[in-house]
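# Residue-level structural notes
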Amino acid sequence: QVHLVESGGGLVHPGGSLRLSCSASGIIFNSYAMAWYRQAPGKEREWVATISGGAIIYADSVKGRFSIFGDNAKISVYLQMNRLQPEDTAVYYCNLDVETQSGRGNYWGQGTQVIVSS
């Protein structure tokens, strides 16, 4: 079983920065992709960024402001968020596509709240 723990959320002023972290525990044989999603109040969960092998892609809404990076040795993924805006307020979730003893699976963290407000 894979368990993801997220941290780094909080309250920040517009223009500020936060770094989110997500660490996985469990027996993981291979990591195919690591991603971040977010869900704003009253909205559907939306994709933010993915890192897979050497490829990194971002949603247009965060491109140029957010950076995703991962540590395969630690099975961890991070999201550096700069120039935060009120519309970035959401619960942020990490998502890992990994291979375990049970085969390939998709796992979610519990979410970490980010509030951007003056």
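Up top you'll find the structure we're talking about.
Residues numbered from 1 in each chain as written. Predicted model: local features only at pLDDT ≥ 70, side-chain atom pairs only at ≥ 80, totals over all residues. Heavy atoms only, no water.

## Quick look at the overall build of the protein
Test applied: Here a strand is any run of E in DSSP of at least two residues, a helix any run of H or I of at least four, and the numbering for each starts at the N terminus. Put simply, the radius of gyration uses C-alpha atoms, and a globule should come to 2.2 Å times the residue count raised to 0.38. Residue contacts are defined here by distance: any two heavy atoms, one from each residue, within 4.5 Å place the two residues in contact. Accessibility throughout is a Shrake-Rupley quantity obtained with a 1.4 Å probe, and a residue counts as covered only by protein chains that appear here. His is not counted, nor are the chain ends, whereas Lys and Arg count as positive and Asp and Glu as negative. A charged residue contributes its charge at one atom only: NZ of Lys, CZ of Arg, CG of Asp or CD of Glu.
On a plain count of helices and strands, the protein comes out with 0 helices and 11 strands. Start at the N end of the protein and walk to the C end: the helices and strands fall as β-β-β-β-β-β-β-β-β-β-β. At 14 Å, the protein has a C-alpha radius of gyration in line with the 13 Å of a compact globule built from 118 residues. In terms of overall dimensions, the protein has C-alpha extents of about 45 × 25 × 25 Å along its principal axes. Within the protein, counting contacts between residues at least 6 apart in sequence, those at least 24 apart form 55% of the total. Within the structure as shown, the protein displays about 6200 Å² of accessible surface, and the carbon and sulfur contribution to it stands at 49%. Put simply, the protein has 9 plus and 9 minus side-chain charges, and the middle of one group is 5 Å from the middle of the other.

## Focus on the sheet that holds strand S8 (residues 76-81)
Basically, it comes down to this: At least two bridges found by DSSP between two strands is the condition for calling them paired. Lines fitted to C-alpha atoms define the axes here, with helix axes fitted over just the stretch in contact, and angles between the N-to-C directions of these axes take values from 0 to 180 degrees.
As summarised here, the arrangement of the 4 strands in space is S1-S3-S8-S7, forming an open sheet in which the pairing is antiparallel. Among the strands making up the open sheet, the edge pair consists of strand S1 (3-7) and strand S7 (66-71). Averaged over neighbouring strand pairs, the angle between their axes works out to 15° when direction is ignored. Inspection of the sheet shows S1 paired to strand S3 (residues 18-25) by 5 bridges, in the antiparallel sense. Each bridged residue has a counterpart across the sheet, and for Val5 the counterpart in S3 is Ser23.

## Digging into the packing of aromatic side chains
The description of an aromatic ring pair uses the distance of the two centres, along with the angle that the planes make with each other. Filter applied, for reference: Any two rings among Phe, Tyr and Trp, with Trp reduced to its six-membered ring, count as a pair given centres within 6.5 Å; such a pair is stacked if its planes are under 30 degrees apart, edge-to-face if over 60, and tilted if neither. Buried means the residue's accessible area, taken with a 1.4 Å probe over protein chains only, is under 20% of the maximum for its type, while exposed means over 50%, and partly exposed covers the values in between. Working rule: Lys NZ or Arg CZ, within 6 Å of ring centre, within 35 degrees of ring normal, means a charge sits over the ring.
All told, the structure shown has 2 aromatic pairs when counted by the stated rule. Note on Phe69 and Tyr78: the rings are 5.2 Å apart at their centroids and 25° apart in plane angle, and the pair reads as stacked. Judged by its relative accessible area of 18%, Tyr78 falls in the buried class. Seen from the ring of Trp108, Arg45 lies directly overhead, with NZ or CZ sitting 4.6 Å from the centre. Between the NZ or CZ atom of Arg104 and the centre of the ring of Tyr32, over which it lies, the distance is 3.8 Å.

## What about the side chain of Glu6?
Let me state the cut-off plainly: Salt bridges are identified by distance alone: a Lys or Arg side-chain nitrogen within 4 Å of an Asp or Glu carboxyl oxygen. Between N or O atoms, a polar contact is any pair within 3.5 Å; within protein, one atom must be a potential hydrogen donor and the other a potential acceptor, and residues adjacent in sequence are included only when both atoms are from side chains.
Looking at where Glu6 falls in the secondary structure, it is placed in strand S1. Buried and without a salt bridge, Glu6 has Arg45 as its closest oppositely charged side chain, separated by 7.8 Å. Within the structure, Glu6 has its side chain in polar contact with the backbone nitrogen of Thr112 (distance 3.2 Å). Not counting chain neighbours up to four residues away, the residues in contact with Glu6 comprise Ser21, Cys22, Trp36, Tyr92, Tyr93, Cys94, Gly109, Gln110, Gly111 and Thr112.

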